[in-house]
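# Structural characterization, general
Next come the chains, spelled out residue by residue.
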Amino acid sequence: MGGVAGGRLAAAVTAAGGLGMIGMGSTATAASLATELAALGDVPRFGIGLVDWVIRDRPDLLEAALAARPTLLSVSFGADLSWVQRAHEAGILAATQVYDPETARRAQDAGLDVLVARGAEGGGHGEIRLATLPLLDAVLDTVEVPVLAAGGIAGPRSLAAVLAAGAAGAWLGTVLSACPEALTGDSARNALIAAAGTDTMTTRVFDVGQRLDWPARFPSRVLRNDFAGRWTGREDALAGDREAGAELAAGIATGDQRVAPVDAGQGVGMLTGSRPVAVVLDELCAGAQRLLSRWN
């Protein structure tokens, strides 16, 4: 949720009864985190999400996150879990994404307090290993710490399904991306609302085109567009094409959705408009509760 989940969105999620996360993506800096912390305001709890390889390059970003004393610190997309001890020493709970039973077991052994079982349906970066429900089954059979389900959860039925399967909760992304409190630009917000669930794809094109150091095993699920269609499968050529890189940079700067990436999971088809976080979460939770009561 880097570039989407800022301080304002995090505050709104917490106010609605969840744990709002400030998502710091691949271009995050300590200064940009400070900006979003300022936008957070006075909230009783919040979390910060970081990218592992980014904090290796920018250790001051991790220092700034620890100094902010969030309720939860989430660091994903890497195998080095040495940050967990530092979080615990600061009185901060630790979370990370997992994609199979083996990584879940290693995370539990490293002292993680919460695991996020992120299925292949999820938007943004992640390993494409298992769908959410099969992954959740496998991880719950492997670990004893609380597990949150992530990936494709955008309506009361999908929320109820993962809770009935044993998840301690849900880690939401795409369903909140079109909310007015999100950092999402107007053109990207309109694209999300107009998209169907079949309009996403996984690709490395946008990372390669922007010269971002994302490991190849973590492609990004995004909305299909012209740029991705032209370059998917031709990533080696794209890496050396300066004109294509300039086109991508210009498209991102102007919000041209034929070129610019928009992260979106397969639940994107559930978005019907830009509604406040409180409304979205109330409908999700109330609807899921009714379904669970009926199933019981």
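Above this text is the structure in question.
Let me begin by describing the structure that accompanies this report. Quantities reported herein were computed from a predicted structural model and do not represent experimental measurements.

## With respect to the packing of helix 8 (residues 156-164) against helix 15 (residues 277-295)
Put simply, helix 8 and helix 15 touch, their axes get as near as 8 Å, and they point 55° apart. In this view, helix 8 runs oblique relative to helix 15, as classed from their interaxial angle. The interaxial crossing formed by helix 8 with helix 15 has right-handed handedness. Contacts from Pro156, Arg157, Leu159, Ala160, Ala161, Leu163 and Ala164 of helix 8 reach helix 15 at Glu283, Leu284, Cys285, Gly287, Ala288, Leu291, Leu292 and Trp295. In terms of residue class, the contact of helix 8 with helix 15 is made up of 12 nonpolar, 1 polar and 2 charged.

## Here's the deal with the pattern of salt bridges
Per the counting criterion, the structure on display carries 10 salt bridges. Across the salt bridge formed by Glu247 and Arg230, the nearest N and O atoms sit 2.8 Å from each other. Note that Glu247 is positioned in helix 14 (residues 242-254) and Arg230 in helix 12 (residues 226-231), a separation of 17 residues in sequence. Classification of Glu247 by relative accessible area gives partly exposed; the value is 28%. For Arg230, a relative accessible area of 38% translates into the label partly exposed. One network of salt bridges, with partners in common, ties together Asp100, Glu127, Arg129 and Arg217.

Criteria and thresholds
- Residues numbered from 1 in each chain as written.
- Predicted model: local features only at pLDDT ≥ 70, side-chain atom pairs only at ≥ 80, totals over all residues.
- Heavy atoms only, no water.
- Axes fitted to C-alpha atoms, helices over the stretch in contact; angles between N-to-C directions.
- Helix = DSSP H or I, 4+ residues; strand = E, 2+ residues; numbered from the N terminus.
- Parallel < 35°, antiparallel > 145°, perpendicular 65-115°, else oblique.
- Left-handed = near helix turned anticlockwise from the far one by under 90°.
- Contact = heavy atoms within 4.5 Å.
- Nonpolar A, V, L, I, M, F, W, Y, C, P; charged D, E, K, R; others polar.
- Salt bridge = Lys/Arg side-chain N within 4 Å of Asp/Glu carboxyl O.
- Buried < 20%, exposed > 50% of the residue type's maximum accessible area, 1.4 Å probe, protein only.

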